[in-house]
Amino acid sequence: MSMDTPEKKILKDTFGREVSYLRLSVTDRCNLRCKYCMPEKMKFVPREQVLTLEEIYILASVFVDLGVNSIRLTGGEPLIRKNILWLVKALSELNYLKELTLTTNGIKLPMLAGSLKTAGLSRINISLDSLRPQRFSEITRVGELEQVLKGIEAAIDAKFNKIRLNAVIQKGFNDDEVSDLVNFSIDKGLDIAFIEEMPLGDISSHQRNSTQITGFSLREQLSEKFNLQLSDHRTAGPSKYYSIANSETKVGFISPISDNFCGSCNRVRLTSEGRLLLCLGNENSIDLRAIIRQNFNNKSALKKAIREALTLKPERHYFDPNKTEIVRFMNMTGG
Ligand code: SAM
Ligand code: SF4
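Everything numeric here is computed off the predicted structure, so don't read it as measured data. Residue positions are given per chain, counting from 1 as you read along its sequence in written order. Both sets of labels track the order of writing: A upward for chains, 1 upward for ligands. Local features in a predicted model are, by the rule used here, given only for residues with pLDDT of at least 70; side-chain atom pairs are given and counted only at 80 or more, and totals for whole chains, interfaces and linings are based on all residues. Side-chain calculation: all heavy atoms of the structure are included, whereas hydrogens and water are not.

**A word on the environment of Glu146**
Every helix listed is a DSSP run of H or I at least four residues long, and every strand listed is a run of E at least two residues long, numbered separately from the N terminus. Take Glu146: it is sitting in helix α5 (residues 145-158). Each residue gets one of three labels from its accessible area relative to the maximum for its type: buried under 20%, exposed over 50%, partly exposed in between, using a 1.4 Å probe on protein chains only. Exposure remark for Glu146: the relative accessible area of 47% places this residue in the partly exposed category. In this structure the C-alpha to C-alpha distance between Glu146 and Pro133, which are 13 residues apart in sequence, comes to 7.5 Å.

Here it is, written out as structure tokens:
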């Protein structure tokens, strides 16, 4: 990764927002089945429709050529993709990419954390919705908390620049654990972000309107125990951060339902089948796989298509927990 300032290239949408951040889903498959993310019997994309790692690399390099300077690898579970270390290393060597990060459920980190750091990954987000073993297994359907805790320790040992926990908080499921999760983060020297559940994909395990809880009410709950101060800490993503007195830990709130952040959106997403999504809450997309499979090295056709696609980026999302208008599941989109 190079921190040199190139002749600055800027990718802009029709609302004047600069798009500098790409979320790349390297697989829709996963070793967990979180209830808010996917149905129990999820149908995954046939393998031949999934981009190869080489195709992902070429597409990512085109985005970087166009002005993207931050990439997050996600999924599905990115660490179950075979040869993921090859991709991390190749991307981390891209000139003008300032930051390469990854979101994981942590299960594979005991095996991979050190190699990911060596391959050039700078920051990592690890999802952790509960510290109670039985509850963790209920939320993830098949997961064991112990494995994720070992993954977190492995990431700490690997000394990433920053590690952030991600917790999707659902009323009646885990909203009584926010203080415990913050205390755990303080204890381990990590940041944490609380995420509002989004109505993506038709899941049958629960009614999404009954589990909604706002970031604001979590913050109020936390303020009774912690001295939270609004911080100017920023990452490439939409989290609003608060610092805690006498601690390095930052507490973030990602509130796509209750506190719309679309005005400052800097992101686009590439699904594992090569669909470029301009917004999480909207189906506008273009098929980059069709272009790259027609001519692997035709970067100018890809650039033209991406620039044109930006005109499809909507001004904002409209999420209504009472209805599921977006049929795509979160594992297909890449969080
Ligand atoms: N498997 C990895 C993981 O769980 O960290 C990466 C992919 S996952 C789709 C990325 C993030 O999206 C996770 O933090 C997960 O908790 C979050 N997520 C999944 N479904 C969601 C939903 N319906 N609303 C809000 N966040 C969701
Ligand atoms: Fe898998 Fe992540 Fe979705 Fe959970 S949130 S099912 S770990 S992709």
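**Let's talk about the pairing of strand β1 (residues 21-25)**
Of all five residues making up β1, five are buried, and the element is well covered by its neighbours. Two strands form a pair only when DSSP identifies at least two bridges running between them. Where β1 meets strand β2 (residues 70-74), five bridges bridge the pair, whose relative direction is parallel. Bridging across to β2, Tyr21 finds its partner in Ser70. Where β1 lies against strand β10 (residues 267-270), four bridges are found, and the strand directions are parallel. Bridge pairing in β10 links Tyr21 to Arg267.

**Remarks on unusual backbone geometry**
If you check the backbone angles, Tyr96 has positive phi at about 75° while not being a glycine. Its identity as a non-glycine residue notwithstanding, Asn246 has a phi of 60°, on the positive side. Relative to the assigned elements, Asn246 resides in the loop between β8 (240-244) and β9 (250-254). Looking at Asn246, the relative accessible area reads 85%, which means it is exposed.

**Describing the packing of helix α6 (residues 178-188) against helix α8 (residues 215-223)**
For the pair α6 and α8, interaxial distance at closest approach is 10 Å and the crossing angle is 70°. Comparing their axes, α8 and α6 come out roughly perpendicular. Like other packed secondary-structure pairs, α6 and α8 cross with a definite hand, here right-handed. Facing α6, whose interface residues are Val178, Ser179 and Val182, α8 presents Leu218, Gln221 and Leu222. Here the contact of α6 with α8 is built from residues that sort into four nonpolar, two polar and no charged. An axis is simply a line fitted to the C-alpha atoms; with a helix, the fit covers only the stretch in contact. Between two such axes, the angle follows the N-to-C directions and lies from 0 to 180 degrees. In this scheme, roughly parallel covers angles under 35 degrees and roughly antiparallel covers those over 145, while 65 to 115 is roughly perpendicular and the rest are oblique. By convention the crossing between two helices is left-handed if the near helix lies anticlockwise of the far one by an angle smaller than a right angle, and right-handed if it lies clockwise. Any two residues whose heavy atoms approach within 4.5 Å at even a single point are treated as in contact. Under the scheme applied, nonpolar residues are Ala, Val, Leu, Ile, Met, Phe, Trp, Tyr, Cys and Pro; charged residues are Asp, Glu, Lys and Arg; polar residues are all the others, including Gly.

**Points about the sheet that holds strand β6 (residues 191-196)**
Spatial strand order, β7-β8-β9-β6-β5-β4-β3-β2-β1-β10-β11-β12: twelve strands in an open sheet with mixed pairing. Two strands close off the open sheet at either side, each with one partner strand: β7 (228-230) and β12 (285-287). Sheet twist, expressed as the mean angle between neighbouring strand axes with direction ignored, is 25°. Pairing geometry for β10 and strand β11 (residues 275-277), over two bridges, is antiparallel.

**Quick look at the packing of helix α2 (residues 84-92) against helix α3 (residues 109-119)**
At a closest axis distance of 8 Å, the pairing of α2 and α3 adopts a crossing angle of 25°. Overall, the two elements α2 and α3 adopt an arrangement that is roughly parallel. For the pair α2 and α3, the sense of crossing is right-handed. Residue-level inspection shows Leu85, Val88, Lys89 and Ser92 of α2 in contact with α3, the latter providing Leu112, Ser115, Leu116 and Ala119. For the contact of α2 with α3, a count of residues per class yields five nonpolar, two polar and one charged.

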